[in-house]
Amino acid sequence: MTGQTGVPCTMQGRNILFGVTGSIAAFKAAGWVHALAKEEAQVSVVMTRSATRFISSLTFGALSGKQVYTDMFAEGEGEAMAHITLPRSTDVLLVAPATAQTIARLAHGMADDLLSTAVLACTAPVVICPAMNSNMLAHPATQRNLDILKELHYLVVEPASGLLACGDEGAGRLPEWDGVREILLGLFADNDLAGQKVLITAGPTREPLDPVRYLSNRSSGKMGYALARTARRRGAHVILISGPVQLDPPPEVDIVQVLTAREMEEAVREHAGMASVIVKAAAVADFRPKNASEQKIKKAGADLYLELTANPDILADLGRKRKDNQILVGFAAESNNHEAEGLRKLKDKNVDLMVVNDILGEKTGFDVDTNQVTLISHDGVEQLALISKEETANRIWDCVISLL
Ligand code: PMT
């Protein structure tokens, strides 16, 4: 029914040539190398001579588990042709941090050290992460060199702003790893959702009881946010309608924050018309207190009885009013009868795919990083293994693409 389309967009097994230059931010690059190694990417680090003044090559060797290259002519560093063999086998060449000096050299095609020579020899994508003092970054010479790099189709990542090592405040900080990781995964992903406008709902809703209390559920938003991140990587235009969660918005995704089921309904109604794919991963409250109190409810006696009234069923509504050629994906949070319940909801709500997850599993469902779902479509049923929510999301997109 789904089969995997294209190459899975993960870091695992990817060859990454990681250039480190002489900036105080080199210590952050060590964290990046560690993160990549943890995701089983194959990282080969090339350091400029000035980088070794900030951090030892031993550090990168220990973190990457591979030989570190610092000098094209050093004896005993493995291949004498490292400047050719390294870029030849890489999926991406990442220079982070990239100093003003390195940026100037790369802009002018210099090849006076191993890193600059490897960049010239590299036919894979080159990603540059500038990091330096704000004034140096703003200097016309640096800006002109950055423009040249962009003209050379190097992918230049905007520096972050904030407190710099020199004590100045401003642009020039190395960006956070999460954003750069997204860029790399986007380079690796098939662009197989390009042109698709995808609407995703995520997280819980909050149904007020009084100014202090509300009814909600344990949804963390992780499943929906993984769907948004992976769809964006695969080229989709993503609108994410999110209940209250503790997650950073995925990069380059349009996010709409809501609290109640009725606010979510309104936001979905506003954006559903333009979407070619709608995925309802949010845990929408089925009920809300019938009479929310404007004042804090006081304790009066032992028991308090709540009268609840039904919230709109957003998915069912979408199923009734669906556009031609629109793909509708629902989730089912079940504790038993998973397949039967999934099939029932597939028909009752008139959707193309139901993603059924077991909410009683220790590593599935609410507020965990993994899931084990059953994909139910009119073509059949497929039970996925216990995998990350990010990989689950990729498998859901594989299925959606087969339905498009
Ligand atoms: O957010 P996480 O912590 O990562 O947890 C993920 C998840 C368990 C929340 C997610 O995988 C999931 O199962 N989401 C759907 C939860 C849910 O509301 O399931 P349900 O069986 O009650 O609803 C069925 C479908 O109808 C869902 O697509 C839901 O979005 C939708 N629905 C439900 C009620 C309602 N009033 N309107 C709706 O649109």
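For clarity, every value in this text was computed on a predicted model and none was experimentally measured.

Participant: Help me get a handle on the packing of aromatic side chains, residues and values and all.
Facilitator: Geometry of an aromatic ring pair is reported as the spacing of the ring centres plus the angle between the planes. Taken as a whole, this structure holds one aromatic pair when the rule is applied. An angle of 40° between the planes, with centres 5.2 Å apart, marks the rings of Trp-32 and Trp-177 as tilted. Of this pair, Trp-32 sits in helix 1 (residues 26-38) while Trp-177 sits in helix 8 (residues 177-188); the two residues are 145 residues apart in sequence, bridging distant segments of the chain. Take Trp-32: its relative accessible area is 5%, and that puts it in the buried class.

Participant: Kindly report on helix 10 (residues 261-272), identifying the contributing residues and their values.
Facilitator: Counted at 1.5 Å a residue, the expected span for helix 10 with its twelve residues is 16 Å, and the 16 Å between its end C-alpha atoms agrees. Looking only at helix 10, the buried set comprises Ala-261, Met-264, Glu-265, Ala-267, Val-268, His-271 and Ala-272. The secondary structure elements touched by the buried residues of helix 10 are strand 9 (197-202), strand 10 (207-208), strand 12 (237-242), strand 13 (254-257), strand 14 (277-280) and helix 11 (314-320).

Participant: Residues and numbers for the sheet that holds strand 9, please.
Facilitator: The strand order across the open sheet formed by eight strands is 13-12-9-14-17-18-20-21, and the pairing between neighbours is mixed. Where the open sheet ends on each side, the last strands, each with one partner, are strand 13 and strand 21 (380-383). Within this sheet the neighbouring strands show an average axis-to-axis angle of 15°, counted without direction. Direction of pairing for strand 9 relative to strand 12: parallel, over a ladder of six bridges. Looking across to strand 12, one finds that Val-198 is bridged to Val-238.

Participant: Can you lay out unusual backbone geometry for me, pointing to particular residues and giving the numbers?
Facilitator: The bulk of non-glycine residues show a negative phi, and the bulk of peptide bonds are trans. Residue Pro-97 follows Ala-96 across a cis peptide bond; omega there is -10°. One can find Pro-97 in strand 4 (residues 92-98). The phi dihedral of Glu-40 falls on the positive side, at around 65°, and the residue is not glycine. Within the element layout of this structure, Glu-40 appears in the loop between helix 1 and strand 2 (42-47). Overall, the relative accessible area of 44% leaves Glu-40 in the partly exposed class.

Participant: So, the site of the ligand: which residues are in play, and what are the values?
Facilitator: For the ligand, the set of nearby residues contains 27 residues, the closest of which are Ser-220, Lys-345, Asn-357, Asp-367 and Lys-389. One of the side-chain N or O atoms of Ser-220 is found 2.6 Å from an oxygen atom in the ligand. Residue Asn-357 places a side-chain N or O atom 2.4 Å away from an oxygen atom belonging to the ligand. When the ligand is considered free in solution it has 770 Å² of accessible area, and contact with the protein chains removes 96% of it. When atom positions are compared with the pocket grids, the ligand is found to occupy the largest pocket.

Participant: Would you mind going over the environment of Glu-151 in detail, with residue names and values included?
Facilitator: Mapped onto the secondary structure, Glu-151 falls in helix 7 (residues 140-151). Since its relative accessible area comes to 59%, Glu-151 is described here as exposed.

Participant: Tell me what's going on with the packing of helix 9 (residues 222-233) against helix 13 (residues 389-403), and back it up with residues and numbers.
Facilitator: Packing of helix 9 against helix 13 brings their axes to within 8 Å, and their N-to-C directions diverge by 60°. With respect to helix 13, the axis of helix 9 lies oblique. Along this stretch, helix 9 crosses helix 13, giving a crossing that reads as right-handed. For the pair helix 9 and helix 13, the contacting residues are Lys-222, Met-223, Ala-226, Leu-227, Arg-229, Thr-230, Ala-231 and Arg-233 in the first and Lys-389, Glu-390, Thr-392, Ala-393, Asn-394, Ile-396 and Trp-397 in the second. Looking at the contact of helix 9 with helix 13 residue by residue, the classes come out as seven nonpolar, three polar and five charged.

Participant: Could you give an account of the environment of Ala-111, with specific residues and numbers?
Facilitator: Its location among the elements puts Ala-111 in the loop between helix 4 (100-107) and helix 5 (114-121). By relative accessible area, Ala-111 is classed as partly exposed at 42%. Sequence separation between Ala-111 and Ala-121 is ten residues, and the spatial gap between their C-alpha atoms is 9.7 Å. Those residues in contact with Ala-111, other than ones at most four positions away along the chain, are Ser-116, Thr-117 and Leu-120.

Participant: A description of the pairing of strand 7 (residues 160-163) should follow, citing residues and the corresponding values.
Facilitator: For strand 7 and strand 8 (residues 169-173), the ladder comprises four bridges, and the chain directions are antiparallel. Paired with Ser-161 across the bridge in strand 8 is Ala-171. In textbook terms, the turn of a hairpin is the stretch between consecutive antiparallel strands, and for strand 7 and strand 8 this stretch comprises five residues, one of which, Gly-167, has a positive phi near 95°.

Participant: Account for the side chain of Ser-44, naming residues and giving values.
Facilitator: You can see Ser-44 is positioned in strand 2. Apart from residues lying up to four places away in sequence, Ser-44 is in contact with Ile-16, Leu-17, Phe-18, Lys-66 and Leu-86.

Participant: Before we move on, can you summarise the domain arrangement of the protein with the specific residues and values?
Facilitator: Segmenting the protein into domains produces domain 1 (15-187) and domain 2 (190-295 + 306-403). For domain 1 and domain 2, the distance between their C-alpha centroids amounts to 38 Å. Each partner contributes to the interface: domain 1 provides five residues, whereas domain 2 provides four residues. Buried area between domain 1 and domain 2, summed over both chains or domains, comes out near 440 Å², and the portion from carbon and sulfur atoms is 49%. Across the domain 1-domain 2 interface, the total number found is three salt bridges. Taking the shortest distance from any N to any O, the salt bridge between Arg-233 and Glu-182 comes out at 2.7 Å. Scanning the region where domain 1 abuts domain 2 turns up two residue pairs in polar contact (both at pLDDT 80 or more). Residue composition of the side of domain 1 that touches domain 2, grouped by class: one nonpolar, two polar and two charged.

Rules of the game
- Residues numbered from 1 in each chain as written.
- Predicted model: local features only at pLDDT ≥ 70, side-chain atom pairs only at ≥ 80, totals over all residues.
- Heavy atoms only, no water.
- Phe/Tyr/Trp six-rings, centres within 6.5 Å; stacked < 30°, edge-to-face > 60°.
- Helix = DSSP H or I, 4+ residues; strand = E, 2+ residues; numbered from the N terminus.
- Buried < 20%, exposed > 50% of the residue type's maximum accessible area, 1.4 Å probe, protein only.
- Expected span 1.5 Å × (residues − 1).
- Contact = heavy atoms within 4.5 Å.
- Pairing = 2+ DSSP bridges.
- Axes fitted to C-alpha atoms, helices over the stretch in contact; angles between N-to-C directions.
- Near = heavy atom within 4 Å.
- Polar contact = N/O pair within 3.5 Å; in protein donor to acceptor, adjacent residues only side chain to side chain.
- Areas by Shrake-Rupley, 256 points an atom, 1.4 Å probe, with all protein chains shown as cover.
- 1 Å grid on protein atoms, 1.4 Å probe; cavity = no way out; pocket = protein on both sides within 12 Å on 5 of 7 lines; lining within 4 Å.
- Sits in = over half its atoms within 2 Å of the grid points.
- Parallel < 35°, antiparallel > 145°, perpendicular 65-115°, else oblique.
- Left-handed = near helix turned anticlockwise from the far one by under 90°.
- Nonpolar A, V, L, I, M, F, W, Y, C, P; charged D, E, K, R; others polar.
- Domains from an automatic or database assignment.
- Buried area = accessible area lost by both parts, 1.4 Å probe.
- Salt bridge = Lys/Arg side-chain N within 4 Å of Asp/Glu carboxyl O.

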